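Here is how the chains run, residue by residue.
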Amino acid sequence: MEMTDKNVAFLYSSVCPDDRQKEGFVEFLEKKYNKPFELEWVEDQNILKGFKLVVDDEVYDWTLEGRYQQFKDMIENATGKAHITDDGSQYISTMKTSVDDWSVKVSPEEEGVVKTVGDGIVTASGLDSAQYGEVVLFESGVKGMVQDLRPDELGIILFGSDKEITEGSRVRRTKKTAGIPVGDNFLGRVVDALGNPIDGLGEIEADDYRPVETPAPGILDRQPVNEPMNTGLLAIDSMFPIGRGQRELIIGDRQTGKTAIALDTMLNQKGKDVICIYVAIGQKASSIAHLVGTLRKNDAMKYTIIVAATASDSAPLQYISPYAGTAMGEYFMNKGKDVLIVYDDLSKHAIAYRAMSLLLERSPGREAYPGDVFYLHSRLLERSAHLSSEKGGGSLTALPIVETQAGDVSAYIPTNIISITDGQIFLESDLFFSGQRPAVNVGLSVSRVGGAAQTKAMKKAAGSIRLDLAQYREMEVFTQFSSDLDDATKRQLTYGQGLMRLLRQNQNNPLKLYEQVITLVSATAGIMIEIPIEKITEFRKFMLESFASDEAALCRRIEETGKFSDDDKDYIIEKAKGYVDTFIKKNL
Ligand code: ATP
Ligand code: MG
């Protein structure tokens, strides 16, 4: 402590003490600390009765609320320990002793004082035994989390408004790590990063409370990814199949349909006993409202939870939101359920973390991100898993989204996240603007573990489509400037164009497994080559509707068993040929 003549103590109360009272305080302080004191009065209308005296890190709480709280704690402690006899006499005597012994206590171990506050970050002294990641409670009722332990102060991130927190405000330990209420009642609801409802539909009764950060399941608690998580998008399910428990990145520039892919996948889970969690990080509130509207309209909210930290929420709330969403997902996964979680998006998450870290004065590294930005996302995505049968067999499938700048996948955050996911769906602006939507770049996209999870039917139907498309792309480049092409080449090009056209799909329109199978089987058999390119979408619609009405049993069998035989294949091709003839007669 500094050696000055006079030490300053702060007195907080709603009415100014008179001179005699002030003298009393100074006398008390000088006697207690054995040095001269000066008293400064701070008006605080929140204190109804009594006062609060702050000396360095120590706080003497003589406010009505403070004393009431301490008294209540004491009574609870005392009654908890007492053996209650029949007549209750012992109970009363224990209470009496406690009341007699009771005095106001302050301990710098458990409490602290705010030194600085701003931008959602607080530094505080005291709180000597607080731990990293512990939740602390401010006088205003706002919660924060300890994020930095320094020798003489703590860095705390705030999960609420800093309006009522000022220099000198008190802060208290809770001895809890940050957690979030979880439970079945959250389905169909929109909550903030702390689990509070923000959809105006009233309180949510939680079944449990889970820490937002938990270690990922160990290797022995997992089993390989072997069940499909169908997106309903032909371009993805046929070539880049995703399995339950997988982490598949959706990456692309802004406005390339990233969110649309995640949303379609969520819509496609209807009736499949999958729970969806959509975590919005740094999105506009209006975009989130729009998404919720689409989910509601399609009757998909009842198996979905939205965790929203909007662009106007503080950096700490944005930072915590994906972990909170994951904690909610784990609750269901541990009950043996299959969960799909979308993080939209992790670029904004990294930016929020960078802002927070800079405000906490951590040293900036590459692109001004703090050194542990890789760990930020790896510890999040490691929590996706397909649990072993002993652990209930539940799964958590993650679809993180990352926004790139001008298609640059080699920037810092994109490369980090690519390296901790099991593949990526790469979306391209050029494709998107040319009308190829979803704008999946077939050459750059990959799914590393999903192949094992693809249904037999899909595997068989997809056949060589990836290879065919690769050939088509090469040929397209080669033949761009030549006018006289031989027939075989022309045919190849038309076939490729047709395939590309079939991969186009409207939003909110996921395809069923049998629809994808029939489309692929007939397309790869080359029977659509006669149909002009601009009529292909129309033909597919006609063909699928015809199959659904004429061959309902076959469709249902493929859908339910996830398989089809070689005879089925031949039959589908024959049938489809017939539809091509009908279509050409009718339309051309
Ligand atoms: P942002 O970078 O702003 O988050 P994003 O990459 O998530 O954008 P979306 O919001 O999903 O992109 O889509 C951008 C626009 O393209 C939206 O207006 C959406 O309706 C439209 N769109 C997306 N997918 C398709 C599709 N398959 N067919 C037609 N329009 C689509
Ligand atoms: Mg988006």
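A brief report on the enclosed structure follows. (Residues numbered from 1 in each chain as written. Chains lettered and ligands numbered in written order. Predicted model: local features only at pLDDT ≥ 70, side-chain atom pairs only at ≥ 80, totals over all residues. Heavy atoms only, no water.)

### A closer look at the overall build of the chain
Within the chain one finds 18 helices and 21 strands. Taken over C-alpha atoms, the radius of gyration comes to 32 Å for the chain, far larger than the 25 Å a tight globule of 588 residues would show. Dimensions of the chain along its principal axes, counting C-alpha atoms only, are 105 × 65 × 40 Å. Contacts in the chain between residues far apart in sequence, at least 24 positions, make up 73% of those at least 6 positions apart. Of the roughly 28,000 Å² of accessible surface on the chain, a fraction of 51% belongs to carbon and sulfur atoms. (Helix = DSSP H or I, 4+ residues; strand = E, 2+ residues; numbered from the N terminus. Rg over C-alpha atoms; globule rule 2.2 N^0.38 Å. Contact = heavy atoms within 4.5 Å. Areas by Shrake-Rupley, 256 points an atom, 1.4 Å probe, with all protein chains shown as cover.)

### Quick notes on the pairing of strand 16 (residues 304-310)
Of all seven residues that make up strand 16, seven are buried, and the element is covered over most of its length. Of the two faces of strand 16, the one holding Thr 304, Ile 306, Ala 308 and Thr 310 and the one holding Ile 305, Val 307 and Ala 309 are both buried throughout. A crossover links strand 15 (residues 274-283) with its parallel partner strand 16, the connecting element being helix 6 (residues 285-297), and its sense is right-handed. (Buried < 20%, exposed > 50% of the residue type's maximum accessible area, 1.4 Å probe, protein only. Right-handed = clockwise from strand over helix to strand, strands pointing away.)

### Some points on the layout of surface pockets
There is about 1,400 Å³ of room inside the largest pocket. Within the lining of the largest pocket, the residues separate by chemical class into 13 nonpolar, 16 polar and 16 charged. Around the second largest pocket sit 26 residues that line it, and Asp 44, Asn 46, Lys 52, Glu 139 and Ser 140 are the ones nearest its centre. Of all elements in the fold, only strand 2 (37-43), helix 2 (64-81), strand 7 (134-138) and strand 10 (170-177) reach the threshold of two or more residues within the lining of the second largest pocket. Across the lining of the second largest pocket, the residue classes tally to six nonpolar, nine polar and 11 charged. (1 Å grid on protein atoms, 1.4 Å probe; cavity = no way out; pocket = protein on both sides within 12 Å on 5 of 7 lines; lining within 4 Å. Points joined across faces, edges and corners; volume = space filled by probe spheres on them. Nonpolar A, V, L, I, M, F, W, Y, C, P; charged D, E, K, R; others polar.)

### Here we look at the packing of helix 7 (residues 315-333) against helix 8 (residues 346-359)
Between helix 7 and helix 8, the least distance of the axes is 8 Å, while the angle of their chain directions is 135°. As judged from the angle between their axes, helix 7 and helix 8 are oblique. In this structure, helix 7 meets helix 8 at a crossing whose hand is left-handed. Here Ala 315, Pro 316, Gln 318, Tyr 319, Pro 322 and Tyr 323 of helix 7 lie close against helix 8, whose contacting residues are Lys 348, His 349, Ala 352, Tyr 353, Ala 355 and Met 356. A breakdown of the residues in the contact of helix 7 with helix 8 according to their chemical character gives nine nonpolar, two polar and one charged. (Axes fitted to C-alpha atoms, helices over the stretch in contact; angles between N-to-C directions. Parallel < 35°, antiparallel > 145°, perpendicular 65-115°, else oblique. Left-handed = near helix turned anticlockwise from the far one by under 90°.)

### Topic: the sheet that holds strand 3 (residues 52-55)
Spatial ordering of the open sheet is given by 2-1-3-4, a layout of four strands whose pairing is mixed. The open sheet has two free edges, formed respectively by strand 2 and strand 4 (58-61), since each of these has just one partner strand. Mean inter-strand twist for the sheet, computed between neighbouring axes without regard to direction, equals 20°. Two strands pair when backbone bridges link them, and strand 1 (residues 7-13) and strand 3 are joined in this way by three bridges, in the antiparallel orientation. Across the sheet, residue Phe 10 finds its bridge partner in strand 3, namely Val 54. The strands touched by helix 1 (residues 19-33) are strand 1, strand 2, strand 3 and strand 4; relative to strand 2, the strand with the most contacts, the crossing angle is about 130°. (Pairing = 2+ DSSP bridges.)

### Topic: the site of ligand 1
Of all residues adjacent to ligand 1, which total 13 residues, the nearest are Gln 255, Lys 258, Thr 259, Ala 260 and Gln 507. Contact between ligand 1 and Thr 259: an oxygen atom at 2.7 Å from a side-chain N or O atom of the residue. Considered on its own, ligand 1 offers 620 Å² of accessible surface; in the complex 72% of this is hidden by protein. Among the detected pockets, ligand 1 sits in the largest pocket. The element contributing the most residues to the shell around ligand 1 is helix 5 (residues 258-267), with three residues. Looking at side-chain class alone, the shell around ligand 1 contains three nonpolar, six polar and four charged residues. (Near = heavy atom within 4 Å. Polar contact = N/O pair within 3.5 Å; in protein donor to acceptor, adjacent residues only side chain to side chain. Sits in = over half its atoms within 2 Å of the grid points.)

### Side note on the packing of aromatic side chains
Scanning the entire structure with this criterion turns up 12 aromatic pairs. Relative to Tyr 579, the ring of Phe 547 has its centre 5.3 Å away and its plane inclined at 70°; by these criteria the two rings are edge-to-face. With Phe 547 in helix 16 (residues 536-550) and Tyr 579 in helix 18 (residues 566-587), the pair connects residues that are 32 residues apart, well separated along the chain. Residue Phe 547 is classed as buried on the basis of its relative accessible area of 0%. One aromatic cluster in this structure is built from Phe 539, Phe 542, Phe 547, Tyr 579 and Phe 583. Over the face of the ring belonging to Tyr 12 we find Lys 52, whose NZ or CZ atom lies 4.9 Å from the ring centre. It is Arg 379 that lies over the ring of Tyr 375; its NZ or CZ is 5.0 Å from the centre. (Phe/Tyr/Trp six-rings, centres within 6.5 Å; stacked < 30°, edge-to-face > 60°. Lys NZ or Arg CZ within 6 Å of the ring centre and 35° of its normal.)

### Focus on a negative patch on the surface
Taken together, Asp 18, Asp 19, Glu 23, Glu 27 and Glu 30 make up a surface patch of like negative charges. When you line up the elements, Glu 23 lands in helix 1. We classify Glu 23 as exposed; its relative accessible area is 55%. (Patch = residues over 30% accessible without salt bridge, like charges linked within 9 Å, V, L, I, M, F, W, Y side chains within 5 Å. Salt bridge = Lys/Arg side-chain N within 4 Å of Asp/Glu carboxyl O. Lys, Arg positive; Asp, Glu negative; His and termini not counted. Charge placed at Lys NZ, Arg CZ, Asp CG, Glu CD.)

### Focus: unusual backbone geometry
In this model, Asp 344 is joined to Asp 345 through a cis peptide bond whose omega is -5°. Along the chain, the position of Asp 345 falls in the loop between strand 17 (338-344) and helix 8. The phi dihedral of Lys 175 is positive, around 65°, even though this residue is not glycine. Among the secondary structure elements, Lys 175 is positioned in strand 10. With a phi angle near 50°, Ala 406 is a residue other than glycine that sits in the positive phi range. Judged by relative accessible area, which is 76%, Ala 406 ranks as exposed.

### Regarding empty space enclosed by the protein
Enumeration over the complete set of coordinates arrives at two cavities of 30 Å³ or more. Computed from the structure, the largest cavity encloses a volume of approximately 50 Å³. Forming the boundary of the largest cavity are Pro 228, Met 229, Asn 230, Asp 237, Pro 241, Ile 242, Gln 454, Thr 455 and Met 458. Of the residues contributing to the lining of the largest cavity, the split by class is five nonpolar, three polar and one charged. When its volume is computed, the second largest cavity comes out at roughly 30 Å³. Ala 235, Gln 436, Pro 438, Val 440, Val 442, Met 500 and Leu 503 together form the lining of the second largest cavity. Tallied by class, residues from the lining of the second largest cavity come to six nonpolar, one polar and no charged.

### Here we look at the sheet that holds strand 7
If you trace the six strands once around the closed barrel, you get 5-6-9-8-7-10, paired in antiparallel fashion. Each adjacent strand pair in this sheet contributes to an overall mean axis angle of 45°, direction not counted. Where strand 5 (residues 111-118) and strand 6 (residues 121-126) come together, six bridges link them in antiparallel fashion. Within the sheet, the bridge partner assigned to Val 114 lies in strand 6 and is Ala 124.

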